[in-house]
Amino acid sequence: MTARERNESPFGVAMHRQLKLIHQMLRNDLTVCRELATDVAAGAAAADVVDRLAELQANSPIWNLQINCLYHCRIVHMHHHHEDMDMFPALRRSNPDLGVVVDRLESDHRAISVLLDNVESLARKLDGATSSDERDTLVLALRDLATRLLEHLAFEEENIAATMRSWVTWPG
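Residues numbered from 1 in each chain as written. Predicted model: local features only at pLDDT ≥ 70, side-chain atom pairs only at ≥ 80, totals over all residues. Heavy atoms only, no water.

Colleague: Where do I start with the overall build of the protein chain in this structure?
Modeller: Regarding its fold elements, the protein chain presents five helices and zero strands. Along the chain direction, N to C, the helices and strands of the protein chain fall in the order α-α-α-α-α. The buried share among the 172 residues of the protein chain stands at 44%. Restricting to contacts in the protein chain with at least 6 residues of sequence separation, those with at least 24 account for 77%. Accessible area for the protein chain stands at about 9,300 Å²; split by element, carbon and sulfur atoms hold 55% of it. (Helix = DSSP H or I, 4+ residues; strand = E, 2+ residues; numbered from the N terminus. Buried < 20%, exposed > 50% of the residue type's maximum accessible area, 1.4 Å probe, protein only. Contact = heavy atoms within 4.5 Å. Areas by Shrake-Rupley, 256 points an atom, 1.4 Å probe, with all protein chains shown as cover.)

Colleague: Can you walk me through helix 4 (residues 99-124) in this structure?
Modeller: Each full turn of the α-helix corresponds to 3.6 residues, which orients residues three or four apart in the same direction. The terminal C-alpha atoms of helix 4, which comprises 26 residues, lie 37 Å apart, in line with the 38 Å expected from a rise of 1.5 Å per residue. Of all the residues in helix 4, the buried ones are Gly99, Val101, Val102, Leu105, Asp108, His109, Ile112, Leu116, Val119, Glu120 and Leu122. (Expected span 1.5 Å × (residues − 1).)

Colleague: Looking at this structure, how should I read the environment of Ser132?
Modeller: Tracing the chain through its elements places Ser132 in helix 5 (residues 132-166). For Ser132 and Gly43, which are 89 residues apart along the polypeptide, the C-alpha to C-alpha distance reads 7.7 Å.

Colleague: Can you help me understand the pattern of salt bridges in this one?
Modeller: Side chains that carry opposite charge are capable of pairing whenever their charged atoms lie near each other. Evaluation of the coordinates by the stated rule reveals six salt bridges. Close ionic contact of Glu157 with Arg27 constitutes a salt bridge, the shortest N to O distance being 3.2 Å. Placement of the pair is Glu157 in helix 5 and Arg27 in helix 1 (residues 10-41), with a sequence separation of 130 residues. Neither residue differs from the other here; Glu157 and Arg27 are each classed as buried. (Salt bridge = Lys/Arg side-chain N within 4 Å of Asp/Glu carboxyl O.)

Colleague: Would you mind going over the packing of aromatic side chains with me for this structure?
Modeller: On inspection of all chains with the given rule, the structure shows one aromatic pair. Seen from their ring centres, Trp167 and Trp170 are 5.2 Å apart, and the 65° between their planes marks the pair as edge-to-face. The exposure class assigned to Trp167 is buried, which follows from its relative accessible area of 3%. (Phe/Tyr/Trp six-rings, centres within 6.5 Å; stacked < 30°, edge-to-face > 60°.)

Colleague: Looking at this structure, how should I read the environment of Arg6?
Modeller: Structurally, Arg6 is set in the segment before helix 1. Taking the relative accessible area as the measure of exposure, Arg6 reaches 40% and is therefore partly exposed. In this structure the C-alpha to C-alpha distance between Arg6 and Ser166, which are 160 residues apart in sequence, comes to 8.1 Å.

Colleague: It is not clear to me how the packing of helix 4 against helix 5 should be interpreted in this structure. Could you clarify?
Modeller: To describe two helices that pack against each other, one gives the angle between their axes and the distance between the axes. Between helix 4 and helix 5, the least distance of the axes is 9 Å, while the angle of their chain directions is 155°. With respect to helix 5, the element helix 4 is oriented roughly antiparallel. For helix 4 against helix 5, the interelement crossing comes out left-handed. Here the contact of helix 4 with helix 5 is composed, by residue class, of 16 nonpolar, five polar and five charged. (Axes fitted to C-alpha atoms, helices over the stretch in contact; angles between N-to-C directions. Parallel < 35°, antiparallel > 145°, perpendicular 65-115°, else oblique. Left-handed = near helix turned anticlockwise from the far one by under 90°. Nonpolar A, V, L, I, M, F, W, Y, C, P; charged D, E, K, R; others polar.)

Colleague: I tried to follow helix 5 on my own but got confused; where do I start?
Modeller: In this model helix 5 runs 51 Å from its N-terminal to its C-terminal C-alpha over 35 residues, within 8% of the 51 Å that 1.5 Å per residue would give. If you look at helix 5, its biggest bend is around 55°, right at Ile160. (Bend = angle between axes of the 7 residues up to and from the residue.)

Colleague: Is there a simple way to think about the packing of helix 1 against helix 5 in this case?
Modeller: The interhelical angle for the contact between helix 1 and helix 5, taken along N-to-C directions, is 165°, at an axis separation of 9 Å. Overall, the two elements helix 1 and helix 5 adopt an arrangement that is roughly antiparallel. Of the two possible hands of crossing, helix 1 and helix 5 adopt the one that is left-handed. By residue class, the composition of the contact of helix 1 with helix 5 is 19 nonpolar, five polar and eight charged.

Structure below.
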């Protein structure tokens, strides 16, 4: 089946490709965060964790845009804000049948925002975290964030692709 037969446009395909690219960068960074969570749980020294974060900054396309690793959470917040303000209303206008999907995505954003804030708060305390309870709390927070965010990204990509790919221009 051709793109035209699937009711796809070059603009919509490009918009969908851009969304998936950003999501893949987030997935790659989450893989490193999961590895860091394992290291922190094993009692890694703060200096070792800082070195890994610096490596992530140097190699991650998203994190290269930022000053330090905590801004990764800010990027996700900003990405979700853009989707909430621009993309989701456009999806609702162009395909009202996606209302339930968009409602879930918006709900996911609110839940993920709380998780991001928690990870940021715990990560800021890492240098002073001496007890295993503090480290374990950060590990669990990183794992919860990764699990919820990866589920959200997959659901979003799967459920809005056809509509996005049909856009000829930004639905306004």
